[in-house]
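One-letter residues, chain by chain:
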Amino acid sequence: MSRQRLPAVRDQALRQRSLVALVLSAALLAGCATTSNSTFVTSRQEVPPRQDVKLAAYNVALGAAVGGLGALINGDEDPPLRRFARGAGWGAVGGTVAYVGKWQAGEVAEREQLAYALPARLVHAAGVSVTENAAHDRPPLDRMAVHRGPVRVDVRPRSGAVQARVLPVATLALALLLADDSADFDLGRSLAFGSPLFMADSIEPPLFGEDGRFAGYAFLGSVIIRRQAEGFNYGVTAHELVHVMQLDEMARAEASFRAPLDAPLRAFGAYRGASLWADLDSPALSSLAYFGIEGGVFESECYYDNWLEREAEAFGERRPVPTCR
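Residues numbered from 1 in each chain as written. Predicted model: local features only at pLDDT ≥ 70, side-chain atom pairs only at ≥ 80, totals over all residues. Heavy atoms only, no water.

A. Just the pairing of strand β3 (residues 162-166), in detail. With 5 bridges joining them, strand β2 (residues 151-155) and β3 adopt antiparallel strand pairing. Note that in β3 the partner of Val 153 across the bridge is Ala 164. Here β2 hands over to β3 after 6 residues, with Gly 160 in that stretch at a positive phi of 80°. (Pairing = 2+ DSSP bridges. Helix = DSSP H or I, 4+ residues; strand = E, 2+ residues; numbered from the N terminus.)

B. Inspection of the sheet that holds strand β1 (residues 144-148) at higher detail. If you walk across this open sheet you meet the 3 strands as β1-β2-β3, and the pairing is antiparallel. Whereas interior strands pair on both sides, the edge strands pair on one side only; in this sheet they are β1 and β3. Direction aside, the axes of adjacent strands within the sheet are offset by 20° on average. (Axes fitted to C-alpha atoms, helices over the stretch in contact; angles between N-to-C directions.)

C. Local environment of the packing of helix α3 (residues 80-111) against helix α11 (residues 307-317). At a closest axis distance of 6 Å, the pairing of α3 and α11 adopts a crossing angle of 55°. Taken together, α3 and α11 sit at an angle that is classed as oblique. Mapping the contact onto sequence places Tyr 99, Lys 102, Trp 103, Ala 105, Gly 106 and Ala 109 in α3 and Glu 311, Phe 315 and Gly 316 in α11. (Parallel < 35°, antiparallel > 145°, perpendicular 65-115°, else oblique. Contact = heavy atoms within 4.5 Å.)

D. Molecular detail of the nonpolar core. The biggest cluster of nonpolar side chains holds 33 residues, and the ones touching the most others in it are Val 108, Phe 193, Leu 197, Ile 225, Phe 232, Leu 241 and Phe 315. Among residues more than four places away in sequence, those in contact with Ile 225 are Leu 197, Phe 198, Met 199, Ala 200, Ala 215, Gly 216, Phe 232, Asn 233, Val 236, Thr 237 and Glu 240. By size, the runner-up hydrophobic cluster in this structure holds 11 residues, among which are Leu 174, Phe 198, Ile 203 and Phe 214. (Core = buried A, V, L, I, M, F, W, Y, C linked by side-chain atoms within 4.5 Å. Buried < 20%, exposed > 50% of the residue type's maximum accessible area, 1.4 Å probe, protein only.)

E. Focus on the pattern of salt bridges. Going through the model one piece at a time under the given rule, you end up with 21 salt bridges. Note that Glu 107 is salt-bridged to Arg 318, the shortest N-O span being 2.6 Å. One end of the pair, Glu 107, is in helix α3; the other, Arg 318, is in the segment after α11, with 211 residues separating them in the sequence. Assigned by exposure class, Glu 107 and Arg 318 land together as buried. Put simply, Glu 132 and Arg 252 hold a salt bridge, and the shortest N to O gap is 2.9 Å. On the criterion of sequence distance, the pair formed by Glu 132 in helix α4 (residues 117-135) and Arg 252 in helix α7 (residues 234-257) is long-range, its members being 120 residues apart. (Salt bridge = Lys/Arg side-chain N within 4 Å of Asp/Glu carboxyl O.)

F. Here's a closer look at the state of the cysteines. Scanning all chains against the criterion turns up 1 disulfide. At a sulfur-sulfur separation of 2.2 Å, the disulfide partner of Cys 302 is Cys 324. Across the S-S bond of Cys 302 and Cys 324 the torsion is about -95°, and the bridge reads as left-handed. Of the two residues, Cys 302 is situated in the loop between α10 (284-292) and α11 and Cys 324 in the segment after α11; the sequence distance between them amounts to 22 residues. (Disulfide = S-S within 2.5 Å.)

G. Local environment of the side chain of His 243. Relative to the elements of secondary structure, His 243 occurs in helix α7. One polar contact links His 243 to His 239, side chain to side chain, over a distance of 3.1 Å. Residue contacts for His 243: discarding those within four places in its chain leaves Ala 218, Leu 308, Glu 309 and Ala 312. (Polar contact = N/O pair within 3.5 Å; in protein donor to acceptor, adjacent residues only side chain to side chain.)

H. The arrangement of α11 in detail. With respect to burial, α11 is a largely interior element, 10 of its 11 residues being buried. Taken together, the buried positions of α11 are occupied by Trp 307, Leu 308, Glu 309, Arg 310, Glu 311, Ala 312, Glu 313, Ala 314, Phe 315 and Gly 316. Where α11 is buried, its residues touch α2 (51-74), α3, α7 and α10. The opening residue of α11, the one whose side-chain oxygen lies 3.0 Å from the backbone nitrogen of Leu 308, is Asn 306. Arg 318, located one to two residues past α11, shows a positive phi value of around 50°.

I. The sheet that holds strand β4 (residues 183-185), seen in detail. If you trace the 4 strands from one edge of the open sheet to the other, you get β4-β5-β7-β6, paired in mixed fashion. Only two strands of the sheet have a single partner each, and these edge strands are β4 and β6 (216-219). The mean angle between the axes of side-by-side strands here comes to 25°, regardless of whether they run parallel or antiparallel. Relative to strand β5 (residues 197-200), β4 runs antiparallel, the two being bridged by 3 bridges. Across the sheet, Ala 183 pairs through a bridge with Ala 200, a residue of β5. Lying over the sheet, helix α5 (residues 168-178) contacts β4, β5, β6 and β7 (222-226), oriented at roughly 135° with respect to β6.

J. Structural view of the confidence of the model for the chain. For the chain, per-residue confidence averages 84 on the pLDDT scale, and residues scoring 70 or more make up 82% of the total. When pLDDT is averaged over each helix and strand of the chain, the minimum, 43, is found for helix α1 (residues 6-30) and the maximum, 97, for α4. Across residues 1-41, confidence stays below pLDDT 50; counting only partners more than four residues off in sequence or on other chains, it has 52 contacts. (pLDDT = per-residue confidence, 0-100.)

K. Summary view of the pairing of β2. Where burial is concerned, the two faces of β2 differ: the one with Arg 152 and Asp 154 is buried and the one with Val 151, Val 153 and Val 155 is not. Where β1 and β2 come together, 5 bridges link them in antiparallel fashion. Considered in β2, the bridge of Ala 145 is made with Asp 154.

The structure is reproduced here in structure tokens:
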């Protein structure tokens, strides 16, 4: 690098750091999903102190980790430390925007309107896209992507190019639910929700056994909500909306980490052709994260020891979530 370019590089780095700090500060002040006070619930439960701060810190740290590690794996032009720092910085920005999207999911329950679901999904998708770009060592706005049910849509802001690809796992899950006579596909609510939404009189979540207790669950991008006499359950729907967001960010993180495998596979024409129409939305990382930190069984006092369940409940219902830890 020439001496003449150093001041410009320093200015650019300073602007990027200032932008990161501004976005982080604004998002953390924008609103909180729970209360920060420690509240006693039962003899075994207690709302952890500073729960809001932990929710925000988790999302920022997740974005930074995915962006930084991904940039190390996928970048090759700059020194490793510089790639990691740049990826982590923009990943943190993306994680902060994703946090705002999750917080907005609570509007569904608070206002009892599904119309707030899709805007929350789009904000979250924008944040995850910034992190994804950082993990691929690309400019932060190089491409913006959103997962809508069985389809991923990529937009290149600079050129305006749009590409739609099938998400195979989400498509398979949707097909299984459509074939299930006990679940009814609700087209109107699905359009507002941003993902396939089904209604059912009773539900049996996979891997959880027979259900008489579950009010809803997310299944690989689709959501099933149990009918109730009192009317549509907006609280459970907002909770499951956050689970869909969690699956989205985990699937994209996993794709970033396995990206180096893509180059040798592109030597095969069949793979190149398939990649034009499909984008693998593997649930492996999401499943590992969920079941690796599983808390108590459903309806037990310690159910929300599972961080992903705690996050979904805190954002979806906007309430303090008690745990046994």
